[in-house]
Amino acid sequence: MLRAVHVDGVILETRTSHRDLKAYRPLRNCPGCNTLQEVYVPSSVAVHHDPDLKDVSVIATYSDHYGNIRLGRVKMGDLSASWVLESPPVGRVDARAKGRQVVVPREPFQNGSRLEATVSYSARNQPGQSEIQFPQLEFTGPVKLKRRVLRQARRAQRMLELIRRDKETDEQMQEAAIERSMNFDNSVKGKYSIWRRDYESPNSDSTLKLMRDQIIMAKAYANIAKANNATNLYDSLMQHCRENWHVIGEAISDADLPTSALDQAKAMGHALSLAKDQLYDCHKVAKKFRAMLQSTEGHVDGMKKKSAFLIQLAAKTVPRPLHCLTLKLAADYFLLGFVKEGVAKEDADREKFEDSSLHHYAIFSDNVLATSVVVNSTILNAKEPQKHVFHIVTDKLNFAAMKMWFLVNAPSGATIQVENINDFKWLNSSYCSVLRQLESARLKEYYFKANHPSSISAGADNLKYRNPKYLSMLNHLRFYLPEVYPKLDKILFLDDDIVVQKDLAPLWSIDMQGKVNGAVETCKESFHRFDKYLNFSNPKISENFSPNACGWAFGMNMFDLKEWRKRNITGIYHHWQDMNEDRTLWKLGSLPPGLITFYNLTFPLERSWHVLGLGYDPALNQTEIENAAVVHYNGNYKPWLHLAVAKYKPYWSKYVLYNNPYLHLCNVRE
């Protein structure tokens, strides 16, 4: 580092040319030394511009190759333009630095090295004496130099690594883009974009939204124009609304819009601009928008009610293919002489119907196709099909079709019994509470009057309780199992909307510890507990049951008929069913009376035995479904309806015999 010291007009000097300095290394080599921050710079004057200082000699201090400190002399005029003579500010100079001038390099030496440490000469000229103070030199040790070199090397290495990663990332992105573009389905027709919808821009419907918003604005201004007797403007806005609706049509994205859509949007924008210039009033526009919002909310509420009504209607309606299947099977049963064959087969299997050493199933259904799936899935997953006996009970209307199906599609090894519920003579209104209530005038009015609450205008809260299945005795026959099968000790009850995925034989070896009903509990935290199904505001309920008691599900239930008879479960059911004749304890259905009847008499099975919700919840855990022994489509979205959740339907459809001629004839397809 070089400094020139000027003391009372005298500058100490040593003669060494600027060229000689190039042969030696600087004392310090560091970044950021082009300017010395510790030097005060109130004013700067280039040295070579001052002719008075041209012949002044400057003492230069430098280090040679061996690190020795040497002094050199150089003429001020020989210094390059990168040297500056600076003077410190008056207010910040101490006594020793007074009158000192420093020559500071703007740039490093010509050899490219940099100066870092500040080394200075100071001279004082007191009256009668002069004193030269030599520089206080500050050296950089080898350790610091080594660290500095290592830091620079690490920075360079890090920079190279980042560049390499960037290149790798770019290459990966290019490869992924190429692969994705090769997998694009570019066969979509009728769209401006040939790419699949999955890869469309998230703003692909921006024009469509704009046109819909324009219609809303146009309607608001049109109403204000009509109130202000601006007939021409009103007609123009309404005309543009109609044209916008015509252009939009059934489009759901910009790709579905015609090419004239953008021009129409621009024309509508111009009309709205004119309307705003003529009619804009913040208070009126806000008032109109509030009215439109209330109207829209009412419309949405009405649509929700209509949707609920239509879903319930679709859930309770028999699809045409299933109706066709029943008619075709019933016709062939009588016309082709299968009546005698059915009787003969039942006589041959009668011993198995009452053999308690076999695995017995009870299925009560009027749906031939659904029942066939339950039987097929159970047999195909059973290790010993010959030990399984299915007791199917249906109504008079579907009895012939059910018999015919299992005569011509008898599962290998298993035994099938089909019965008609109307043949149970003991099941009459004098014994059965539900039959007696169904014959009452109050319940008939509740169900069949034209002004009953199932109409859309009255709401949809109770629509599900007016499903015909709640009027069917097949739904309540589960409470009479000991009467239906007096010779059996255990029976597994299955709904017709389930699919069996594993062998169910281990259920017969489960020790239910004296309980009557073996079922999977459905309570999760606060959901599906007793207070969801029963009216705890009624003291008859609140005094006998806990609102936090865990609920369970019908659909797959193991019943111990010995314990059932011992505890008179059917009598308990009758008692509570009679108390609920006015429907104040619970609404219609079989689950609430089941919860009451089997209260403290239910043995909880492992959850993997029975997974529910495939008929209403599209967000179930896929792993739980695949690992379940039984999956249950409880809800409105049954797998044989178009309402079915698409991703759940394959679990059911793989057990449907689509190659059956009756299914082909009735157009039952996957």
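Scroll up to find the structure this text is about.
Structural notes, computed from the coordinates. (Residues numbered from 1 in each chain as written. Predicted model: local features only at pLDDT ≥ 70, side-chain atom pairs only at ≥ 80, totals over all residues. Heavy atoms only, no water.)

## Looking at the overall build of the protein
For step 1, the next point in the chain: Of regular secondary structure, the protein possesses 22 helices and 19 strands.
For step 2, the next point in the chain: Looking at the protein as a whole, 44% of its 670 residues are labelled buried.
For step 3, the next point in the chain: For the protein, restricting intrachain contacts to residue pairs at least 6 apart in sequence, the fraction spanning at least 24 positions comes to 74%.
For step 4, the next point in the chain: Carbon and sulfur atoms form 52% of the exposed surface of the protein, whose accessible area is close to 37,700 Å². (Helix = DSSP H or I, 4+ residues; strand = E, 2+ residues; numbered from the N terminus. Buried < 20%, exposed > 50% of the residue type's maximum accessible area, 1.4 Å probe, protein only. Contact = heavy atoms within 4.5 Å. Areas by Shrake-Rupley, 256 points an atom, 1.4 Å probe, with all protein chains shown as cover.)

## A word on the sheet that holds strand E10 (residues 359-364)
For step 1, the next point in the chain: Overall, mixed pairing links the 7 strands, which are arranged E12-E11-E10-E13-E16-E15-E17 in an open sheet. The two strands at the open ends of the sheet, each matched to only one other strand, are strand E12 (415-420) and strand E17 (602-604). Within this sheet the neighbouring strands show an average axis-to-axis angle of 25 degrees, counted without direction.
For step 2, the next point in the chain: Packing against the sheet, helix H10 (residues 368-380) makes contact with E10, strand E11 (388-394), E12 and strand E13 (490-494), and its axis sits at approximately 175 degrees to E11.
For step 3, the next point in the chain: Packing of helix H11 (residues 399-408) onto the sheet brings it into contact with E11 and E12, and relative to E12 it is tilted by some 170 degrees. (Pairing = 2+ DSSP bridges. Axes fitted to C-alpha atoms, helices over the stretch in contact; angles between N-to-C directions.)

## Re the sheet that holds strand E14 (residues 498-500)
In a beta sheet, neighbouring strands pair by backbone hydrogen bonds and run either parallel or antiparallel.
For step 1, the next point in the chain: Here we have 3 strands laid out as an open sheet, ordered E14-E19-E18, and mixed in their pairing. Both outer strands of the open sheet, E14 and strand E18 (610-611), are each paired with one neighbouring strand and no more.
For step 2, the next point in the chain: By the bridge criterion, 3 bridges tie E14 to strand E19 (residues 630-632) in an arrangement that is antiparallel. Residue Val-499 lies in a different strand from E19, and its bridge partner there is Val-631.

## Some details on the state of the cysteines
For step 1, the next point in the chain: Under the defined criterion, the tally for this structure stands at 2 disulfides.
For step 2, the next point in the chain: Put simply, Cys-324 and Cys-666 are joined by a disulfide, and their sulfur atoms are 2.2 Å apart. Across the S-S bond linking Cys-324 and Cys-666, the dihedral sits near -75 degrees, which makes this disulfide left-handed. Taken together, the positions of Cys-324 in helix H7 (residues 320-335) and Cys-666 in the segment after helix H22 (661-665) put the pair 342 residues apart, joining distant regions of the chain.
For step 3, the next point in the chain: A residue is classified by how much of its surface remains accessible, and Cys-666, at 5% relative accessible area, is buried.
For step 4, the next point in the chain: For Cys-523, the disulfide goes to Cys-550, at an S-S distance of 1.7 Å. For the disulfide bridge between Cys-523 and Cys-550, the dihedral angle about the S-S bond is near -95 degrees, and by the sign convention the bridge is left-handed. Of the two residues, Cys-523 is situated in the loop between strand E15 (517-519) and helix H15 (530-533) and Cys-550 in the loop between helix H16 (539-542) and strand E16 (556-560); the sequence distance between them amounts to 27 residues. (Disulfide = S-S within 2.5 Å.)

## Quick notes on the packing of helix H4 (residues 231-248) against helix H5 (residues 261-279)
For step 1, the next point in the chain: Two numbers describe how H4 lies on H5: the axes approach to 10 Å, and their chain directions differ by 155 degrees. When the interaxial angle is binned, H4 and H5 end up roughly antiparallel. Between H4 and H5 lies a crossing of left-handed hand. Contact with H4, carried on its side by Leu-233, Leu-237, His-240, Cys-241, Glu-243, Asn-244 and Val-247, involves Ala-261, Gln-264, Ala-267, Met-268, Ala-271, Leu-272, Ala-275, Gln-278 and Leu-279 of H5 and no other residues of that element.
For step 2, the next point in the chain: A class-by-class count of the residues in the contact of H4 with H5 yields 11 nonpolar, 4 polar and 1 charged. (Parallel < 35°, antiparallel > 145°, perpendicular 65-115°, else oblique. Left-handed = near helix turned anticlockwise from the far one by under 90°. Nonpolar A, V, L, I, M, F, W, Y, C, P; charged D, E, K, R; others polar.)

## Things to note about the packing of aromatic side chains
For step 1, the next point in the chain: Following the criterion strictly, the structure yields 22 aromatic pairs and no others.
For step 2, the next point in the chain: Ring centres 5.8 Å apart and planes at 20 degrees place the aromatic pair Phe-424 and Trp-426 in the stacked group.
For step 3, the next point in the chain: Take Trp-426: its relative accessible area is 29%, and that puts it in the partly exposed class.
For step 4, the next point in the chain: Seen from their ring centres, Phe-479 and Tyr-573 are 4.1 Å apart, and the 5 degrees between their planes marks the pair as stacked. Separated by 94 residues along the polypeptide, Phe-479 in the loop between helix H13 (441-448) and helix H14 (481-484) and Tyr-573 in helix H18 (residues 569-579) bring together distant segments of the chain. (Phe/Tyr/Trp six-rings, centres within 6.5 Å; stacked < 30°, edge-to-face > 60°.)

## Comments concerning the side chain of Lys-638
For step 1, the next point in the chain: Mapping Lys-638 onto the fold places it in the loop between E19 and helix H21 (649-653).
For step 2, the next point in the chain: In terms of polar contacts, Lys-638 uses its side chain to reach the backbone carbonyl oxygen of Tyr-633, at 3.0 Å.
For step 3, the next point in the chain: With near-sequence residues (within four places) excluded, Lys-638 lies in contact with Asp-497, Tyr-633 and Ala-644. (Polar contact = N/O pair within 3.5 Å; in protein donor to acceptor, adjacent residues only side chain to side chain.)

## Overview of helix H6 (residues 282-316)
For step 1, the next point in the chain: Compared with an ideal rise of 1.5 Å per residue, which puts 35 residues at 51 Å, H6 spans 51 Å between its outermost C-alpha atoms and is within 8% of the ideal.
For step 2, the next point in the chain: Those residues of H6 that sit buried are Val-285, Met-292, Gln-312 and Ala-315.
For step 3, the next point in the chain: Of the surrounding secondary structure, the elements contacted by the buried residues of H6 are helix H3 (206-227). (Expected span 1.5 Å × (residues − 1).)

## Examining helix H8 (residues 338-348)
For step 1, the next point in the chain: Considered for burial, the residues of H8 that qualify are Phe-338, Gly-342 and Glu-346. With its buried residues spanning 75 degrees around the axis, H8 presents them on a single face. Away from its buried face by more than 90 degrees, H8 exposes Lys-340 and Ala-348.
For step 2, the next point in the chain: In this structure, the buried side of H8 is in contact with H7, helix H9 (350-353), H11 and E12. (Arc of directions from axis to C-beta.)

## Section: a nonpolar patch on the surface
For step 1, the next point in the chain: Judged by side-chain polarity, Met-159, Leu-160 and Ile-163 come together as a nonpolar surface patch covering roughly 300 Å² of accessible area.
For step 2, the next point in the chain: Examined against the element boundaries, Leu-160 turns out to sit in helix H2 (residues 142-183). (Patch = residues over 30% accessible without salt bridge, like charges linked within 9 Å, V, L, I, M, F, W, Y side chains within 5 Å. Salt bridge = Lys/Arg side-chain N within 4 Å of Asp/Glu carboxyl O.)

## Regarding unusual backbone geometry
For step 1, the next point in the chain: A positive phi angle, close to 60 degrees, is found at Asn-229, a residue other than glycine.
For step 2, the next point in the chain: Within the secondary structure, Asn-229 sits in the loop between H3 and H4.
For step 3, the next point in the chain: Positive phi, normally seen in glycine, also occurs at Asn-568, with a value near 55 degrees.
For step 4, the next point in the chain: Within the element layout of this structure, Asn-568 appears in the loop between helix H17 (561-567) and H18.

## What to know about the pattern of salt bridges
For step 1, the next point in the chain: For the structure on display, the rule yields 15 salt bridges.
For step 2, the next point in the chain: One salt bridge in this structure joins Glu-354 and Lys-487, with 3.7 Å as the shortest N-O distance. Of the two residues, Glu-354 sits in the loop between H9 and E10 while Lys-487 sits in the loop between H14 and E13, which places them 133 residues apart along the sequence.
For step 3, the next point in the chain: Here Glu-354 falls in the partly exposed class, since its relative accessible area comes to 43%.
For step 4, the next point in the chain: In this structure, the salt-bridge partner of Asp-497 is Lys-638, at a minimum N-O distance of 2.5 Å.

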